[in-house]
Amino acid sequence: MPWSKLDSIQSRGSQAEKPGSLGNLHATRELTLSQFFTPKWLTSFLWDSIKPAFSSNHYYSLFDNSVGSAGLFRYANPSQFSLNGIDTDRELINQVTKILDKTEFSLDLQCAAMENVVLGDFSCGIINPPFSIALSSANLTAYPGVTCFGRFGADTSASSHLYGLVQALEHCDIVAAIVPRSVLPIIEGNELYYDRLSAVFTLPGNTFQAENVTNVDTVLLIFNSISRHGKIIFHTIDPQSKAESIPGLHCRYERALGTGRHIQVLGADNSKSVVNLPPTDDKRVIMTRASRHIKLRFFDGVTEAKVFNKIYRARLFSTTKHRYPSTTKYSGQHLLNLDVIVLQDDPFYHLENLKELISSVGGIPLVMPDLEFGLRAMIKQHKKMMVPFGRTVYRKGTPSFTAKARKMGLLNHHQTGAAVSFGEQVNVLRVSQGFEVTCKKGVFTCDHDRFFGIFDMEGEAKTADYWEEVCPPIKSSYPQEISAIETKAKSLGLDKWLTWDFQFNDLCEHAFRKKGSLCAYFMGLGKSRMILSLSLLLNGYSLVIVKSRLLDEMQREIDTLNIPKEQYHFIHSLSDLDNLKKINIISYERLRRPIDKRFPKFTIARRAKNIFSNILADEGSSMSSLTSNQSREIRLLGGKRKIAFDGSMFSEYARQAMGLACWVFGESRSYQPYSLRGEYIERNLINGAFKQKTGRQTFLDHFSCFEWVTREFEQTEKGAKREVPRINPNNLDMFRDWISPIIKRRVQQEPAVKKHVTFPIPEMIPPMLLDWDYDHLTLYIKAVEDFANWYKNYVENQNENKRGLSLVIILARLEACFKACNVPSAVEGFASPYTKLTSKDRACIELVKSLIDRGRRPIVFARSPITLERLSIELTKAGISNLVFTGKETIKKRLARLNKEIRNGNCQVMLASMGSSQDGLNLHQMDTALFYNRSFVKRVEEQCVYRIVRPLQKSKVEVYTLILKGSIDLYMSQLIGWKNIANSAGIDFGEQPIEEDFAHFDNFIHQFLESVPALKNQLHDSKYSSVA
Amino acid sequence: MFTQAATCFPDLIADNNGVFHMSVPNILIMRECISTQLKTIITARFNFVIARRELTSCGESISQTDPSLVCVCDTVLSNYFKSLCKDLTQRYSNDTPAIIDLDETHFVFAGRWGDEKYTLDSHFSACLTECEELPLSDQLAYIAEIIDKLDFSNIYNILTGKVKALYDTGLAMLANNLIKDLNLSYNGFTGFYSPVVKPRFVVCTISAVDYWHNRDKITECIRIGNGLRKVRDFSNVNIGDSIFEFTEALNSLTYDKQALESRTAFGKGSNLEIHCFKGKYELRFTHELFDAIYAFFTLYVKPESLPVIEGYANVNLAEAV
């Protein structure tokens, strides 16, 4: 019999050292899994108690949800019982299965946790579950009074002994359970279970002494399948006790159980076989290419199983501690991944290795030509995709200069002695990784941010600057390919459109990229022309997606370039898709609009799936959002090549770059290893996928920065960390290396652009801080206090219900404060509207007048059309001609008026809402931007300013901002100040300030609420000064 | 101004307050001072001997023996140079623990326990002993000879050299003390007190103490505080008040409260957090502060004594060890 062999297996609990303290208890439990085997005498007593329930003529099923060494089954015989059980200890289960396989028992022992199984029914459950292990799983079955709220939601947490007992009670007719005495009150509280309870045997405290447990208060509970007859038997037993019969014990035999015994481990489907080929003598293994993987074709089932076992090696499962990408199942599966093979130094060597691996298990590998050629093509593609776009960046200082250390600091972490003392003067040389610093201790490298954190430049370097070519044009690496593209472009006459040489060169570089790219042309550099040129140059149909308000601008551009009508058309309806031209233009709004209201999901985008070879998205930064309807619809379009155009490609957080990069370059590729839903590809995967991370997680780990919002949150440790708009400084170079093949950037001031056109640098006049009018301030304070009270209650309420704060709701409520500050005439609800002109209105009007007197033509930007209309009335009264440009009119109407009065007319002032005048409009006729209020989004303000910074702008551009002292505008200024940083650091090689605190939105709210006392002081002062 | 002065008068050194001084008094001044003091003490000794003898002759027994001429000369010289060294240390150490001292062999006549090797000139000291019975004027005449025995030029050069190197020596001492006190000198040998690099902090562990054994720990903490102050001065990284509060807390341990409660924290949120546990105290430095500390080590500690911390720098531990 196998029991003697099984008896020799020791439990983990018996081998572990005592925890010694409560602090070590958890660690000990994790180690031992609370695994303590039941002593033989107890098992014997238990069996004697329940034996009368089994008839010798029938076959029964036994179940144990922590089977261990199967000791509780020792008195079963194979002719009468099947053994079913689960245990989390894989090694133990394998050992026990190996031993019991040699017997005649019908076995179903699986390695699984009780919280992750779906069970059938069993005749009898004999259990000694682990005590006091906290189970946490989304797969827990809800048992009232036993399961409770956990990490995964309601009923996802339970105590192991309770859950084990109740699980057995739910799935077994008779249950004999060894559990802690503390379980009794819970059983008593449940009528159903209590009715079934037939006997309670108190066990001696030293029952598990052999398992190194000296004293534990446990009981043996016997439950019947039906309500008990008579009273519950209570006895205290010891090893000498004799079992007494329990009246009425009854259980169903296996056939009567109906669907019967089964144990299904959640997450694994064991019902289907994986290898279906019959065994043959043909050991060939055909190795072909299937997209970006190696596909193996077999003719013999045995060879298939052996080869896959050899290649895959081990199954990988996600745990609470590590989550694998959904496509990663096996540790060795990346041996068949061509992207991983391409990343190796010698990809063909690894292909040979794979062949040897297959040969070592008896297979005969045959590499098909498509695999070989495919691998070569992928290697070539990888090299082409990895070559960065030509790039020139702005550098402060001179290529070499002297600097003085304003503080003592480490220059880097990887060279011994790399430190400078306070006040030390050093010689510096610019290098690709940053700077090479020659100091007293030697010559060391120092990265950009660290350098400027320690040193001050001296001499002319302080004020000097220069432009450095950090990446040469692609033509220097691939001259023939670029020349071929140039020839084609010239034959199409595109050199006549793109008359600035950098535009033509960039056109060829974009066309060189087979997959797609990002065109981050700053405003005014010819994005529209580039879009149209690329549409003509690239093979196949091109779909150009623009914002609806810019359709007319696109038409103007087409007219300027004299593109024949047969080469383009605008898509207005579904039928236009049947008559495609080379350039097909559609708006974002139309693309995502349902074709028929009855079928909201059926959009033009879905209909147009895979029709177009090239997708060119103007203002493509919207693709950085992964969840918006717009980006979802555009992703549906498919397309071989995708190019996004935007001056501010990702203006806030580093992670916004990932969505764009995945869209244009693909995901989980050798040349773009990150992904939104898949895996992260790296060369080490060739050795195994152990601990492989998802693409998204790796991107966040590499590049995102999470910090305590401010020191105060750090101290209280409430509020948690927030993402800050900074790229992880340790990996800034890595980010730049990653993005440089993806994004082509041009800025207005770089030499290649300046050669052809000079853009004025807008002069940002310091914000004008204005005093409040008394009544206006009173209204504003009311609004802020109202918000503060609401916010306090909201936060408390959300914390009580363990929910997060909704930014949408907060912003909606904050709108009242914004209105009170900037549009007090529209206030409603908590106070009466303030209808007089505010001090800001008056200051704005005065400023406009003074600008006009100076001969300038200002645009006043404001968020609310109401404000603009009020200003319009006052300006008209003052005899100043003005045009109100807001979304209240249709696009066509307002553009017509714009052309008539501003572009071709002499209207002195334009009053434009920020929303309708962000992007695409060329307004070089105006020369001053006046922001009546700020925006939460830095991009919006930037876009507004650059409407007037155009190639045809002849005047100096000035930018004014009006801020009421202590108002919401002031805090908004701080908030958006930071958001420029990530963009400029990542793609413009700018600096990231290390030491400043990030004014996150949380901080903004906090400071904003704290401003109330200061405002009240202002009110008080204002009152008394007016009285005086 | 400093640069100018340094060029014209190479021995000029600015003290802690930036005031220029001749760093070490020149030879003439030294001779003059010593001469004056010798005159005073020899006269006083002579008068003492006369007075003692008169009292003895009157029947008053005086237990004290006459101080020898050699001893009083040594006393004057010793006091003078020690005082000079102390003054120079105070002026130029700049809050570092380095001190200036001068080997006694440069100015002591009478050796300890009569051992010749400690004396400047044992023959001369024997002569001086013989002079003790001479009249005062004759004794005073020996002052010039006494002074001539001293190699002032050498003493001056030694002291000047030490003054110039004092600050750097002091900084090196501070740095080495920090390495020792923060248990950073294990260099690759992992143990309970090994530093640990975490995403937010570098954690240095020191042993915990109770009321009965806190004196040494307080001294250690004061040393750490002194070192960190210098780091702060050079690097502009705020160290907060945690080390000082912690020292104060250790100092206020009493019989009734013999140890700091486990989980007590000082300086939470600052660049240095100190967390107390039963068996240890953890000093958690932010990376910004630890970088500054490590730069301090790099600049003022010998390369072979630089601590190697796993996970902090890309250094091959095996090679380093």
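One can find the structure itself at the top, above this paragraph.
Residues numbered from 1 in each chain as written. Chains lettered and ligands numbered in written order. Predicted model: local features only at pLDDT ≥ 70, side-chain atom pairs only at ≥ 80, totals over all residues. Heavy atoms only, no water.

1. As for the overall build of chain B
Alright, step 1. Helices and strands together make up the secondary structure of chain B, namely 10 helices and seven strands.
Alright, step 2. Taken over 321 residues, chain B has a buried fraction of 43%.
Alright, step 3. Restricting the contact set of chain B to residue pairs at least 6 apart, pairs at least 24 apart contribute 66%.
Alright, step 4. On chain B, roughly 16800 Å² of surface is accessible, and the fraction owed to carbon and sulfur atoms is 53%. (Helix = DSSP H or I, 4+ residues; strand = E, 2+ residues; numbered from the N terminus. Buried < 20%, exposed > 50% of the residue type's maximum accessible area, 1.4 Å probe, protein only. Contact = heavy atoms within 4.5 Å. Areas by Shrake-Rupley, 256 points an atom, 1.4 Å probe, with all protein chains shown as cover.)

2. Details of the packing of aromatic side chains
All names here are of chain A.
Alright, step 1. Per the counting criterion, the structure on display carries 49 aromatic pairs over all chains.
Alright, step 2. Arranged with centres 5.1 Å apart and planes meeting at 20°, the rings of Phe308 and Tyr312 form a pair that is stacked. Residue Phe308 and its partner Tyr312 are located together in helix H9 (residues 301-312), separated by four residues, close to a single helical turn.
Alright, step 3. Among the aromatic side chains, those forming a connected cluster through ring pairs are Tyr674, Tyr680, Phe699, Phe703, Phe735 and Trp738.
Alright, step 4. The side chain of Lys840 reaches across the aromatic face of Tyr932, ending 4.8 Å from its centre.
Alright, step 5. The ring of Phe818 carries the charged tip of Arg863 above its face, separated from the ring centre by 3.7 Å. (Phe/Tyr/Trp six-rings, centres within 6.5 Å; stacked < 30°, edge-to-face > 60°. Lys NZ or Arg CZ within 6 Å of the ring centre and 35° of its normal.)

3. Describing the sheet that holds strand S29 (residues 583-587) of chain A
All names here are of chain A.
Alright, step 1. Spatial ordering of the open sheet is given by S28-S29-S27-S32-S33-S26-S36, a layout of seven strands whose pairing is parallel. Two strands in the sheet have a free side with no partner beyond their single neighbour: strand S28 (568-570) and strand S36 (743-746). Put simply, the sheet's adjacent strands are angled 15° from each other on average, direction ignored.
Alright, step 2. Bridge analysis of strand S32 (residues 614-618) against strand S33 (residues 641-645) gives five bridges, and the strand direction is parallel. Residue pairing across strands places Asn614 opposite Arg641, the latter belonging to S33.
Alright, step 3. Here helix H22 (residues 656-665) sits on the sheet in contact with strand S26 (516-521), S32 and S33, set at roughly 145° to S33. (Pairing = 2+ DSSP bridges. Axes fitted to C-alpha atoms, helices over the stretch in contact; angles between N-to-C directions.)

4. With respect to the state of the cysteines
All names here are of chain B.
Alright, step 1. A complete count under the given rule lists zero disulfides over all chains for this structure.
Alright, step 2. Not part of a disulfide, Cys71 finds its nearest cysteine sulfur in Cys73, a span of 9.2 Å.
Alright, step 3. Classification of Cys71 by relative accessible area gives partly exposed; the value is 41%.
Alright, step 4. On the basis of relative accessibility, which here comes to 0%, the residue Cys73 falls in the buried class. (Disulfide = S-S within 2.5 Å.)

5. What about the pattern of salt bridges?
Residue and element names in this part refer to chain A.
Alright, step 1. Taken as a whole and assessed by the stated rule, the structure comprises 51 salt bridges over all chains.
Alright, step 2. The salt bridge partner of Asp300 is Lys283, with a shortest N-O separation of 3.0 Å. Here Lys283 lies in the loop between strand S13 (263-265) and strand S14 (284-290) and Asp300 lies in the loop between strand S15 (293-298) and H9, a separation of 17 residues in the sequence.
Alright, step 3. Its relative accessible area of 1% is what places Asp300 among the buried residues.
Alright, step 4. Glu468 is paired through a salt bridge with Arg395; the nearest N and O atoms lie 2.8 Å apart. Residue Glu468 is found in strand S25 (residues 465-471), and its partner Arg395 is found in strand S17 (residues 391-396); the two are separated by 73 residues along the sequence.
Alright, step 5. Overlapping salt bridges bring together Asp506, Glu509, Lys744, Arg746 and Glu750 as one network. (Salt bridge = Lys/Arg side-chain N within 4 Å of Asp/Glu carboxyl O.)

6. Quick word on the packing of helix H14 (residues 479-491) of chain A against helix H16 (residues 501-512) of chain A
To characterise two packed helices, one gives the angle between the axes of the helices and the distance between these axes.
Residues and elements named next belong to chain A.
Alright, step 1. Taken N-terminus to C-terminus, the directions of H14 and H16 make an angle of 115°; their axes are 9 Å apart at the nearest point. H14 and H16 meet at a crossing whose hand is right-handed. Facing Glu481, Ile482, Ile485, Glu486, Ala489 and Lys490 of H14, the residues of H16 in contact are Phe504, Asn505, Leu507, Cys508, Glu509, Ala511 and Phe512.
Alright, step 2. Among the residues making up the contact of H14 with H16, the classes are represented as eight nonpolar, one polar and four charged. (Left-handed = near helix turned anticlockwise from the far one by under 90°. Nonpolar A, V, L, I, M, F, W, Y, C, P; charged D, E, K, R; others polar.)

7. A word on the side chain of Ser675(A)
Residue and element names in this part refer to chain A.
Alright, step 1. Note that Ser675 resides in the loop between H22 and helix H23 (695-703).
Alright, step 2. One polar contact links Ser675 to Ser668, side chain to side chain, over a distance of 3.5 Å.
Alright, step 3. Reaching out from Ser675, the side chain makes a polar contact with the backbone oxygen of Glu679 at a distance of 3.1 Å.
Alright, step 4. Excluding its chain neighbours within four sequence positions, the residues that come into contact with Ser675 are Met658, Cys662, Glu667, Ser668, Gly695 and Arg696. (Polar contact = N/O pair within 3.5 Å; in protein donor to acceptor, adjacent residues only side chain to side chain.)

8. Let's talk about the pairing of strand S3 (residues 106-111) of chain A
All names here are of chain A.
Alright, step 1. Summarising the sheet, strand S2 (residues 81-87) and S3 pair through six bridges and their orientation is parallel. Paired with Asp87 across the two strands is Cys111, which belongs to S3.
Alright, step 2. At this point the chain moves from S2, through helix H5 (residues 90-101), to the parallel S3, and the crossover so formed is right-handed. (Right-handed = clockwise from strand over helix to strand, strands pointing away.)

9. Remarks on the sheet that holds strand S18 (residues 400-405) of chain A
All names here are of chain A.
Alright, step 1. In space, the five strands of this open sheet follow the order S23-S22-S21-S18-S24, with antiparallel pairing throughout. The open sheet is flanked by strand S23 (442-446) and strand S24 (455-457), the only strands paired with a single partner. For this sheet, the mean inter-axis angle between neighbouring strands, taken without regard to orientation, is 35°.
Alright, step 2. Where S18 and strand S21 (residues 425-431) come together, five bridges link them in antiparallel fashion. Across the sheet, the residue bridging to Ala403 is Val426, located in S21.

Nothing here speaks to function; it is geometry throughout.
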